[in-house]
Structures are given as C-alpha cells and as structure tokens.
Amino acid sequence: MKIASIHIYSHDGRRRNLTLNPDGLNIITGLASTGKSSLSDIVEYCMGGDECKIAEGFIREKVSWFAVTFQFPNEQVFVAKPNPKPGQVQCSLAMVLRGRQIRTPEFDDLKHNGGDELVHELLSSLLGIPETKTPVPERSSRTGYSVNVKHTAFYLFQKQGLVASKELLFYRQAEEHLPQTIRDTFAVLFGISNVGDMETEANRRATQRELKIAQKELKLAQETEDALDTRGLGLLAEARTVGIPFSNSPGRAGPSTDGAESDLVVSLREVLNWRPGQVALMAESEMAKLQARRSNLRAERRQVLDQISSAQRYVKGASDFQTEAQEQRSRLESINALPRASNGAWQWPFLKEEDARMDGIAESLMAELSSLDSELEQVGGARPRLDEHLAALTDRSSQLKDAIREVEVDLNVAVLTDEKAAAQEDANARALKVQGRVSFYLDSLNPSNAISTLKLKVERLQAKLDQVNQNAGADDDADARMESVITHISGTMTTLVKEFKAFFSEFPFRLDMRNLTVVVQRPGNPVPMIRTGGGANWLAYHISALLALHHYASENRIPIPRFLMLDQPTQVYFPSQTIYESVAGDAEQVKRVDADLEAAKKLFETLLNYTKELVPGFQLIVTEHANFADDWFQDALVEDPWMNPPALVPQDWPSWRK
C-alpha cells in the first residue's frame, strides 16, 4: 500500500490535488506554515484515524473534506473524510471507493458510505493483515482489540518533533498504553506471534503481576508480624498509664502454632473490655439555686448593714445634741441665767415672775428653754429603744453572714465535685483513645493462617508462571522468532548508520523492541539511544531503524504499507531555525548558507539510494525547507517549492467563518 495522491476540497466545491510518485523519493519543499507538516496528519486521518490531528487555523477553516488515494499492486482505494465541525476533532464518517483506476470524485459527489471501521477492514484486508484479535489475560476487565491498518502507523510517520528525538523512536510511543500496543501488534504483523502465542504472553504478564502483588502482600504480612511485639507492648504500657487494668502478663505477640491467641492479644482484649467509671454531676438547676440563694442573702445582709449604719449615725447625732444641750444648760445654770433655780424658785433679779409673762423677750426665752428640756427628755427616752434596735440588726447581720458561709460551703463542694467529674471525663477520654488504637491494632492482625495462606498463593502463582513459560517455549518458540527478526533488522540498521557516518557507527546497532529504542552494541557496555548525543546522530538512528524495518518487511512480505513520511529531517544540520527556513525554495541560495550542507545532502542521497537499490520502488515522502540544486533532488520534487502562494491550501479559498 502506497499513496498515489492527496486531495483537499474547499467549502465552495474546488479541489486541490497533490499527486505523488508511488515509487521512489517524493520531496515537498517550501517555506514554513505552508501546510507541509499537515500532509502526514491528512494521510493518518484518511487511514481511519478517529481523531483529526490537523492543527487549528488556516487549513481547518478553509477545507471541507480531506481525501487520499491509496495505491495497491492491482487497484486503488479512495478514502475521503469530512473535516470535523468547528471546535471538534473527531469524525468517524468516511467515503470509500475501490477500483483499478479511480477517478477522483468532484465535490458534489462526496458523501459518506461508511465509517472508520470500513476503512480499517478494507485496507487491512488488501494489506493481508491476519484477522487477529488481541487476547486478554484471564479475569481481566479490559477487552481485546483487532489488529488492523491503524497499528501500522507506528512505522509510517516520523513527524517533526519525533524524527530527531532521543527518548522516542516510534510514532505515538509516548501516549498512555500504546507502548504495549506497539509490542503486541509488532509481534502479530511481523509473524512472530500467532493468536495462541499472544494469549499465552498476555496470561504470562497477568500471572507475573499477580505473583508480584502476592509477594508484596506476603512480605508485608511477615514484616507486620515481626513488629507486633513492640507495638502491642507499647499499647499495653499506654493502657496502664491511663488506668486501664489487665491481668495477663504479655508475652509473644504473634499467633501460636495451634491457633490459640497469644498472651499479648488476650491482655489487649481485656483492655477492650474495660468500661469507664461514672461520676455523678450536680444538676445545673441545683447549682443555680445555691448561687441565687447566696445572692439573695448577700443582698439582704447589705440592707441590714445599711440599716445598722443609719441607726448608728442617728444615735451618734442624738448623743452629740444631748451633750451639747446639757453643756449649754450647765453654763446657764452656773451664772443663774435660768429663770428658776434647781429647786424651782424664781431667780431672775431683773424681772419678777409675774412680769416675765408680760415681757415678750422673756416669754420667748422661757419657751425656748422649755422646748429644750422637752427635746432632751425625748432624746433620753428614745436611747434604750435605739440600742435594742441596733442589737437586733446586728444579730440579723450575724445570722445572714453564717447563712452565706453555709451556702458558699455547699457551692465549693459542688465545684469540687464538678472538677472531679471533669477530670474523670478527661481520663476516660484518654483511655477510650487507647482502646481505639488497641482495637485498630487487633483488627489489623493477620489471622493465624494468613501468612501460610499467602505463602501457598505465592507458590501456586509461581508454579502457574513456570507452567505458562514452559508452554510458551514448547510450541514453536516465539522468542526465537523474535530474535531472528530483530537480528535481521539490526544488521541492516547497522549498515545504514555507517552510511550516515553517525557517532558509534563503528559498533553494531540493535533494535530493542522491549524498550522501543535503538541500542549501540558496544562490547561490555551497551549504549541506549537516550544516552547518546547530538541531533544528527539521533536522526541517523531513527531513519536507519525505520528503513531497516521496512527493508525486512519488503523482503518478507510483512503486511504493512510500503511508504514512510519524514517531516523536516534536515533541520538538525542547520545552526538556527532562521537559517533553516532561509534555504526554502531557492536552490542557489543553498550554496551560500553557512551550515552542514554536505551532511544534509548526504541524507537525501541515502534516502534516494534506498528507494533505488536497497528496496526498489519503496515510497519515501519528505517534507522539507531545504531545496538543493542537484538534478536528482529537483527530479524528486513533487511540485514547485511552496512559497505561500503556492501552498497546500490556495489563498482564495473561502473560510467556513464566511
């Protein structure tokens, strides 16, 4: 299977054809951003790719359909797929035509008559890919898949970011799960494994995984058992610290040979049986009543104290008044200033008694003296009652003080009770945490037969793996077939690397399908490609490996397409991207570029010789910036250099946005 032509259709019905030479070297050269790198994406899409990888932008906006005409020895197959709708990348619809010489359909004739499955089925059948479905291991949740033409894409495309990579060799190798797919389908396509071999290999890998898991479980169980003594004794020490009692003295942690529980486990189970002690708490309402009673008693006592203070102030005032009045009266008596003497006789010499009633001043003075006597008599009479009142108030104050003291005692007892209960709750909480760790510890213990069961499981899986390996080697050893294929491919690859004069070319090279890389077979110290240096060397290793693989496929009728697409391989020979792009389209300017032109030219000479001598008629499609003036290079050009315009997509094509 080769590529006869690539087609794109505009939204207004125009068609752009890129006709290729199915035999030999095809070169498409030109400026950057003219659509060269999209050609391999178009081919992959039309081989039944479920995803359109053509970059968003100019091409996706102006093209409505992509198509490829595939050339087989006796017929052609035309496959066209619509451009996915804007914002989408997937489309499974396809138009498929088959005939000896297909006339490329016009735009109005395009209509899908199938999908990607039809494309896969037809191309795979014409290539001769065996109808093989990859088996899956026993008890696996995934399903097998059919080997078809899309699994040949790993060997057909070397895109710009891949062609000189040191980490990756095959297309899409970096995608998840695809490395194993490459290994599995390589074995089928290159006749190394039949269906039985693949099923055996799948079961072998599954058994290996189960064996590794069982071995890890056994190792973990044994390590856990070894650590039981320290962990268990530590938990018992914690239990003793928080006051949890247990009677047994702990010994060995692990299970006994007769299945009985060890002393340590028995002690830990006693820890789990412990229940926390309870301390009665005073009801909040009782505490509130005591506090309210204390507040009332204090308030009442304050009132009594206020009354005592008021009475004492009154008594003091009356005493002061009585004392002052008595002193005044005594002074008056000493000078006979009072109208009557103490015996009641009249003693004013300046006024007779009968005249005193007639004199206003005398009458007023006598009235004041009479009032003073009355007040002194009242004060003197009230003093005993005041003393009794003060005594009663003082008594009441003492009673209230005693009552307050009693309430405070009750409150202190209540607070101490609550504090004790809180402390007990804290102790219970710590003890419960220890119980939780003990419970987790006991739950994590393997039963007495867990380790022996795991040992039996490991032995059973090892025996199963040995049996699978024995069966795999008994029926037409697939390893020997793989070794034979790899040896032939590696020999051709070594020869090609020497032609490129790449580093390490003095040593044999080997294709490593287990790790999907190239290895330098340096004696005593093999060197994988990732540990080599230089972009030119990686490019040489990539191209040599792919060409050697196709050489073997061609000589041994391996059912993979007979073409290889390389995207911008000579970029590694130029010191900068600017210089690399400057050589596009102008064969004369190439002579003036300061770059390793001889190495770049040698690359194309090697590719041309491959299609003429090593694998005559093999189709090589190279998209490039470089344009050498040599006749053989110009003869290999598919079209005039793309200078934008011309390019893959004409400038005047309308965009879907319009």
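A brief look at the structure comes next. (Residues numbered from 1 in each chain as written. Predicted model: local features only at pLDDT ≥ 70, side-chain atom pairs only at ≥ 80, totals over all residues. Heavy atoms only, no water.)

## Side note on the overall build of the protein chain
Tallying secondary structure elements over the protein chain gives 16 helices and 13 strands in all. For the protein chain, the proportion of contacts with a sequence separation of at least 24, taken over those separated by at least 6, is 69%. For the protein chain, the exposed area adds up to about 34600 Å²; of that, 50% sits on carbon and sulfur atoms. (Helix = DSSP H or I, 4+ residues; strand = E, 2+ residues; numbered from the N terminus. Contact = heavy atoms within 4.5 Å. Areas by Shrake-Rupley, 256 points an atom, 1.4 Å probe, with all protein chains shown as cover.)

## Thoughts on the pattern of salt bridges
Applying the stated criterion to the full structure yields 18 salt bridges. With its nearest N and O atoms 3.9 Å apart, the salt bridge here joins glutamate 217 to lysine 457. Note that glutamate 217 is positioned in helix α5 (residues 195-226) and lysine 457 in helix α11 (residues 450-474), a separation of 240 residues in sequence. Of the residues examined, glutamate 217 reaches a relative accessible area of 35% and is grouped as partly exposed. A salt bridge links aspartate 402 to arginine 405; the shortest N-O distance between them is 3.0 Å. With aspartate 402 and arginine 405 both in helix α10 (residues 360-444) and three residues apart, the pair spans about one turn of that helix. Among the ionic contacts, a cluster of salt bridges with common partners joins Asp41, Glu44, Lys53 and Lys159. (Salt bridge = Lys/Arg side-chain N within 4 Å of Asp/Glu carboxyl O. Buried < 20%, exposed > 50% of the residue type's maximum accessible area, 1.4 Å probe, protein only.)

## Here's the deal with the side chain of lysine 36
Assignment of secondary structure puts lysine 36 in the loop between β3 (24-29) and α1 (38-46). Buried charge without a partner: lysine 36 forms no salt bridge, and the closest opposite charge is aspartate 567, 6.7 Å away. A distance of 2.5 Å separates the side chain of lysine 36 from the backbone oxygen of leucine 31, its partner in a polar contact. Not counting the four nearest positions on each side in its chain, lysine 36 is found in contact with Ile28, Thr29, Gly30, Leu31, Thr623, Glu624, His625 and Trp642. (Lys, Arg positive; Asp, Glu negative; His and termini not counted. Polar contact = N/O pair within 3.5 Å; in protein donor to acceptor, adjacent residues only side chain to side chain.)

## A few points about helix α4 (residues 178-189)
The terminal C-alpha atoms of α4 lie 16 Å apart, and with 12 residues this matches the ideal 16 Å at 1.5 Å per residue to within 8%. Burial analysis of α4 places nine of its 12 residues in the buried class, which makes it a mostly covered element. Among the residues of α4, Leu178, Thr181, Ile182, Asp184, Thr185, Phe186, Ala187, Val188 and Leu189 are the ones counted as buried. (Expected span 1.5 Å × (residues − 1).)

## Comments concerning the packing of aromatic side chains
Within the structure shown, the criterion is met by 17 aromatic pairs. These aromatic residues form a ring-pair network of at least three members: Phe154, Tyr155, Phe170, Phe186, Phe190 and Tyr552. Lying over the aromatic face of phenylalanine 157, lysine 159 brings its terminal NZ or CZ to 5.6 Å of the ring centre. (Phe/Tyr/Trp six-rings, centres within 6.5 Å; stacked < 30°, edge-to-face > 60°. Lys NZ or Arg CZ within 6 Å of the ring centre and 35° of its normal.)

## Some details on the pairing of strand β12 (residues 563-567)
For β12, the tally of buried residues reaches five of five residues, placing the bulk of the element in the interior. Alternating residues of β12 divide into Phe563, Met565 and Asp567 and Leu564 and Leu566, and every residue in both groups is buried. With two bridges connecting them, strand β8 (residues 157-158) and β12 associate as parallel partners. Paired with phenylalanine 157 across the bridge in β12 is methionine 565. (Pairing = 2+ DSSP bridges.)

## Examining the sheet that holds strand β5 (residues 76-82)
Taken in spatial order, the six strands line up as β2-β1-β4-β5-β6-β7 in an open sheet, and their pairing is antiparallel. Two strands close off the open sheet at either side, each with one partner strand: β2 (15-19) and β7 (114-115). Pairing between strand β1 (residues 2-10) and strand β4 (residues 63-71): eight bridges, direction antiparallel. Looking across to β4, one finds that serine 10 is bridged to valine 63. Here α1 sits on the sheet and contacts β1, β2, β4 and β5; the angle it forms with β4, its principal contact strand, is near 75°. Relative to strand β6 (residues 93-99), helix α3 (residues 116-127) is tilted by about 30°, and along the sheet it contacts β4, β5, β6 and β7. (Axes fitted to C-alpha atoms, helices over the stretch in contact; angles between N-to-C directions.)

## Brief notes about the side chain of glutamine 173
Within the fold, glutamine 173 resides in the loop between β8 and α4. A polar side-chain atom of glutamine 173 sits 2.9 Å from the main-chain amide nitrogen of phenylalanine 170. Aside from chain neighbours lying at most four places away, what touches glutamine 173 is Glu167, Leu168, Pro179, Ile182, Asn515 and Leu516.

## A closer look at the packing of helix α13 (residues 535-555) against helix α15 (residues 597-614)
At their nearest, the axes of α13 and α15 sit 12 Å apart, and the two run at 5° to each other. Classified by the interaxial angle, the pair formed by α13 and α15 is roughly parallel. Two secondary-structure elements touch here, α13 through Leu539, Ile543, Leu547, His550 and His551 and α15 through Leu603, Leu607, Tyr610 and Leu614. Here the residues of the contact of α13 with α15 sort into seven nonpolar, two polar and no charged. (Parallel < 35°, antiparallel > 145°, perpendicular 65-115°, else oblique. Nonpolar A, V, L, I, M, F, W, Y, C, P; charged D, E, K, R; others polar.)

## Section: unusual backbone geometry
Phi is positive for histidine 177, close to 70°, though the residue is something other than glycine. In this structure, histidine 177 sits in the loop between β8 and α4. A residue is classified by how much of its surface remains accessible, and histidine 177, at 60% relative accessible area, is exposed.

## Here we look at the packing of helix α12 (residues 478-500) against α15
Here α12 crosses α15 at 140°, and the two axes come no closer than 10 Å. Viewed along their axes, α12 and α15 form a crossing whose handedness is right-handed. Residue-level inspection shows Thr492, Leu496, Glu499 and Phe500 of α12 in contact with α15, the latter providing Lys602, Leu603, Thr606 and Leu614. Taken together, the residues of the contact of α12 with α15 sort by class into four nonpolar, two polar and two charged. (Left-handed = near helix turned anticlockwise from the far one by under 90°.)

## Some points on the pairing of strand β10 (residues 517-520)
By the alternation rule, side chains of β10 split into Thr517 and Val519 and Val518 and Val520, which are all buried. Looking at chain direction, strand β9 (residues 509-512) and β10 are connected through four bridges and run antiparallel. When the bridges of β10 are listed, leucine 511 appears paired with valine 518. Hairpin connection of β9 to β10: four residues between the antiparallel strands, including leucine 516 at a positive phi of 55°. Hairpin geometry of β10 and strand β11 (residues 527-528) is characterised by an intervening segment of six residues between the two adjacent antiparallel strands and by a positive phi of about 75° at glycine 524.

## Let's talk about the environment of leucine 456
With respect to the element layout, leucine 456 can be found in helix α11. We classify leucine 456 as exposed; its relative accessible area is 57%. Remark: the alpha-carbon pair of leucine 456 and leucine 218, spanning 238 residues in sequence, is separated by 10.0 Å.

## Re the sheet that holds β11
Sheet strands pair via backbone hydrogen bonds, and the direction of the pair is either parallel or antiparallel. Strands sit in the order β9-β10-β11 across an open sheet of three strands; the sheet is antiparallel. A single partner strand is all that each edge strand has here, and the edge strands are β9 and β11. Pairing geometry for β10 and β11, over two bridges, is antiparallel. The residue of β11 that forms the bridge with valine 519 is proline 528. Strands in contact with α12 are β9 and β10; relative to β9, the strand with the most contacts, it is inclined by about 135°.

## Thoughts on the state of the cysteines
Under the defined criterion, the tally for this structure stands at zero disulfides. Here cysteine 52 stays free of any disulfide, with the sulfur of cysteine 46 as its closest cysteine sulfur at 8.7 Å. The thiol of cysteine 91 is not disulfide-bonded; the next cysteine sulfur, from cysteine 52, is found 8.8 Å away. What makes cysteine 91 buried here is its relative accessible area of 14%. (Disulfide = S-S within 2.5 Å.)

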